[in-house]
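# Residue-level structural notes
Below are the chains, spelled out letter by letter.
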Amino acid sequence: CGFAFYQLGMYLSKDEIAQLVDGRRLSEEQLFIEALRCNPQNASAYVALGIVMKPSQPALLATGRAMTKQEVFLSALEIDPNLSQAYYNLGQLITGDETVDFPGGRKLGKRELYIEAIRCNPTWPDAYYHLGRSLEGQATVILADGRALQRNALFIEAIRYNPKDSRPYFSLALNLSKGEPIQLPCGRWASPRDLCLEAIRWDSRKAAYFNCLGTCLQPRETVRLHDGRTVNERQLYLEAIRLDPQNHRAFFNLRLTMADTETVTLPDGRIVDKRAVHFESLQKDPNTPRLRYILAWLGVGL
């Protein structure tokens, strides 16, 4: 019966409830708990339970034991020490310099957990991507297969195994100097501008992608998007503002494209001058002291 409960849980969507023939109505979490009641050695059921359960709310197993997300993933690894998803999700749970304590006294931090995930599944793009995100500067990690990779090389590996994920393209664009090329797994060389275009191609809902592409253009330069639109840097910043009206960086960059006496129409229909755009960027920046944007509104420091 354990496999049936596990499979039903895997078919459910988030917040969906399954109506059983015995009249019970069970959520994803409850189905995986039932699967473990029938087969306490089902490591995949532990992983699935850990993924769907709330971080702050322990899961109460049929044995009466209450387990945190971390304990659930560790239980999966006690059964199968080669479960890449368990290592990966443990890496997602911790922050900064936190570590996870394993039986035998072994402690693994975020990077080590992603490295273990890659050891178990060398073609998992998300593990490469998040391992790259955990690195700074020119830091290098040694993978289980002996490869020494820096963050850009890790993002390239993420693209190799999932070329439709927008995130590693954007991360590469942020890491490279303006105009600096990098070779993609397909053999094509790409500049930060090309990488932003690829990111937008696979996810056109992210304001940061449009803002980043705008910074890659020269004044009066245009670029053709994958949907056929030809846009300049100002239009890219306006699109970023449309997608995220709180994006202070897009407002700041939009201001740089304007003459002192020029006005621009924002996506919400407002017609504003350069000073008002500057004020919007300061007001929406959580790091801007209140006095500074009051002075900006008064025209001081412009």
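Sequence order as written defines residue numbering, which begins from 1 separately in each chain. Local features in this predicted model are restricted to residues whose pLDDT is 70 or higher, and side-chain atom pairs enter the listing and the counts only when it is 80 or higher, whereas totals over whole chains, interfaces and linings include all residues. Here the side-chain values reflect all heavy atoms present in the structure, with hydrogen atoms and water set aside.

## Remarks on the overall build of the protein chain
Filter applied, for reference: Comment: elements are numbered from the N terminus, with helices defined as DSSP H or I runs of at least four residues and strands as E runs of at least two. Note that the radius of gyration is over C-alpha atoms, with the globule rule given as 2.2 Å times the number of residues to the power 0.38. The buried label applies to any residue whose accessible area, calculated with a 1.4 Å probe on protein chains only, is under 20% of its type's maximum; exposed applies above 50%, and partly exposed to all values in between. Here, two residues are considered to be in contact whenever any of their heavy atoms come within 4.5 Å of each other. For the area figures, the Shrake-Rupley method with a 1.4 Å probe applies, and any residue is considered shielded solely by the protein chains shown. Under the convention used here, Asp and Glu are negative, Lys and Arg are positive, and both His and the chain ends fall outside the count. Here the site of a charge means NZ on Lys, CZ on Arg, CG on Asp, or CD on Glu.
If you tally the helices and strands in the protein chain, you get 15 helices and 14 strands. A compact globule built from 302 residues should have a C-alpha radius of gyration of about 19 Å, whereas the protein chain, at 24 Å, is more than 25% larger. Principal axes of the C-alpha set define a box for the protein chain whose edges measure 75 × 50 × 40 Å. Evaluated residue by residue, the protein chain yields a buried proportion of 46% over its 302 residues. Long-range pairs, those at least 24 residues apart, make up 39% of the contacts in the protein chain between residues at least 6 apart in sequence. Accessible surface computed for the protein chain: about 16200 Å², of which carbon and sulfur atoms make up 49%. The protein chain carries 37 positive and 34 negative side-chain charges, and their two centres are separated by 4 Å.

## So, the packing of helix α13 (residues 248–256) against helix α14 (residues 274–284)
Selection criterion: Axes, fitted as lines to C-alpha atoms, cover a helix only where it is in contact. Angles between the N-to-C directions of the axes lie from 0 to 180 degrees. Any angle from 65 to 115 degrees is called roughly perpendicular, while one under 35 is roughly parallel, one over 145 is roughly antiparallel, and all others are oblique. Two helices that cross are described as forming a left-handed crossing if the nearer one is turned anticlockwise from the farther one by less than a right angle, and a right-handed crossing if clockwise.
α14 packs onto α13 with a crossing angle of 155° between their chain directions and a minimal axis gap of 8 Å. Comparing the axis directions of α13 and α14 gives the class roughly antiparallel. Of the two elements, α13 crosses α14, and the hand of that crossing is left-handed. Counted together, H248, F251, F252, L254 and R255 of α13 and K274, V277, H278, E280, S281 and K284 of α14 form the full contact between these two elements.

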